[in-house]
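# Coordinates in review
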Amino acid sequence: MSRKKYIIVTATSMLIGLLGWGYLYIFHGTHRNIAKEVATAEFQAPELLFIFQQGTAESYVDQVVLVTGNVSSIDKKTVVLNGMIQIDLLQETDISIQNKQSIKVKGRCVGYDDLLEVVKIDQGTQIIE
Amino acid sequence: MKSELSVLAIVTIMSIVSINAQTKYIDKSGEIGFEASEASFEPVKAVNKSVTAILNLEDGQFASLALIKGFHFENSLMEEHFNENYIESEIYPKATFKGSLLNFDHSQLSENPAEIEVDGKLKLREKEKGVKTTLSVQKVDDSIIMKGSFKVAPSDFDIEIPKIVANKIAEEVIVNVAFKLRGK
């Protein structure tokens, strides 16, 4: 095989590979891994609720945040802090989480629910320091 | 006498509060899924497992709220397009339903699912669409379980489907709901 032919074959196969990767990346891209993302802001539960109720929280929607608060209700996969922040956890809740316990959770802000008057967060993970 | 009266007043107020509290059944982690798939194309469907639903047992009034960002697609690009191009969730972050269960009598509920008609308005992108459908409603232990489905069209909410993908997205969107409400 001549050198020229070799370069053409290599370049073509690299191009095909790149296109294939690009196709998979765009059309079958993976979802964000919230648990591994670095939080952009940190709040106490009442603080975050206040920001959303003031209607100035657009910049936090879809952002990963850290929230600290007291557990006011706990379900299989859902924990509520101070009756203000509802967090859907990635894993079923750790049986060690107790009502009234203060915990810190990382998750993605989904938005403000004005029926329950809570801020909803999903893909949450408990942060143990 | 004065103190007896105030005790009576407190007891009365407390009982009113507790009656009110018991008449509202709430689900804060309800499920709404929708599907607009066309055969032989990639499924177009998403589910939101953090939907709020409130049912007033006294009068059958029902309200529900789903945050658009809470809908998850298998395909992340589809989820992005859904949020940015179709619903424009930054401008319209939620979908709501307000209505009532017709001829609803909570004392009739049992473990056997009853077919109950619900009539109300679905609001999305500030556009309202009347929805009338039948829900299966049953009472299991302390929970009221409601399940059902209905159809809507993207055009009901002024959602334009670009021609290039029009054949991949069904004109009718099937919406499935499932709630497990508990007394508050």
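Residues numbered from 1 in each chain as written. Chains lettered and ligands numbered in written order. Predicted model: local features only at pLDDT ≥ 70, side-chain atom pairs only at ≥ 80, totals over all residues. Heavy atoms only, no water.

When its secondary structure is counted, chain A shows two helices and six strands. Reading chain A from its N terminus to its C terminus gives the helix and strand order α-β-α-β-β-β-β-β. By the compact-globule yardstick of 14 Å for 129 residues, chain A is too spread out, its C-alpha radius of gyration being 22 Å. Reported as C-alpha extents along the three principal axes, the dimensions of chain A are approximately 75 × 35 × 25 Å. Here chain A holds 129 residues, and 37% of them are scored as buried. Residue pairs at least 24 apart in sequence account for 58% of intrachain contacts in chain A once pairs closer than 6 positions are excluded. (Helix = DSSP H or I, 4+ residues; strand = E, 2+ residues; numbered from the N terminus. Rg over C-alpha atoms; globule rule 2.2 N^0.38 Å. Buried < 20%, exposed > 50% of the residue type's maximum accessible area, 1.4 Å probe, protein only. Contact = heavy atoms within 4.5 Å.)

When helices and strands are counted, chain B shows three helices and nine strands. Going residue by residue from the N terminus, the α and β elements of chain B occur as α-β-β-β-β-α-β-β-β-β-α-β. The 184 residues of chain B split such that 43% are buried. By element, 52% of the accessible surface of chain B is carried by carbon and sulfur atoms, the whole surface being about 10700 Å². (Areas by Shrake-Rupley, 256 points an atom, 1.4 Å probe, with all protein chains shown as cover.)

Here we come to the domain arrangement of chain A. Segmenting chain A into domains produces domain 1 (1–30) and domain 2 (34–127). A C-alpha centroid distance of 44 Å is found between domain 1 of chain A and domain 2 of chain A. (Domains from an automatic or database assignment.)

It is worth spelling out the packing of aromatic side chains at this point. All names here are of chain A. Scanning the entire structure with this criterion turns up eight aromatic pairs over all chains. Aromatic side chains F43 and Y60 sit 5.1 Å apart centroid to centroid with 90° between the ring planes, which places their arrangement in the edge-to-face category. Here the residue F43 occupies a position in strand β1 (residues 41–44), and Y60 occupies one in the loop between α2 (45–53) and β2 (64–74), the gap between them amounting to 17 residues. Residue classification places F43 among the buried residues on the basis of a relative accessible area of 6%. (Phe/Tyr/Trp six-rings, centres within 6.5 Å; stacked < 30°, edge-to-face > 60°.)

Another aspect to go through is the interface of chain A and chain B. Contacts between chain A and chain B engage 24 residues on the former and 23 residues on the latter. Across the chain A/chain B interface, buried area totals approximately 1800 Å², and carbon plus sulfur atoms make up 52% of it. The largest per-residue losses of area from chain A upon contact with chain B belong to H31, L115 and L116 of chain A, which jointly make up 29% of the total buried on that side. The interface formed by chain A and chain B contains three salt bridges. (Buried area = accessible area lost by both parts, 1.4 Å probe. Salt bridge = Lys/Arg side-chain N within 4 Å of Asp/Glu carboxyl O.)

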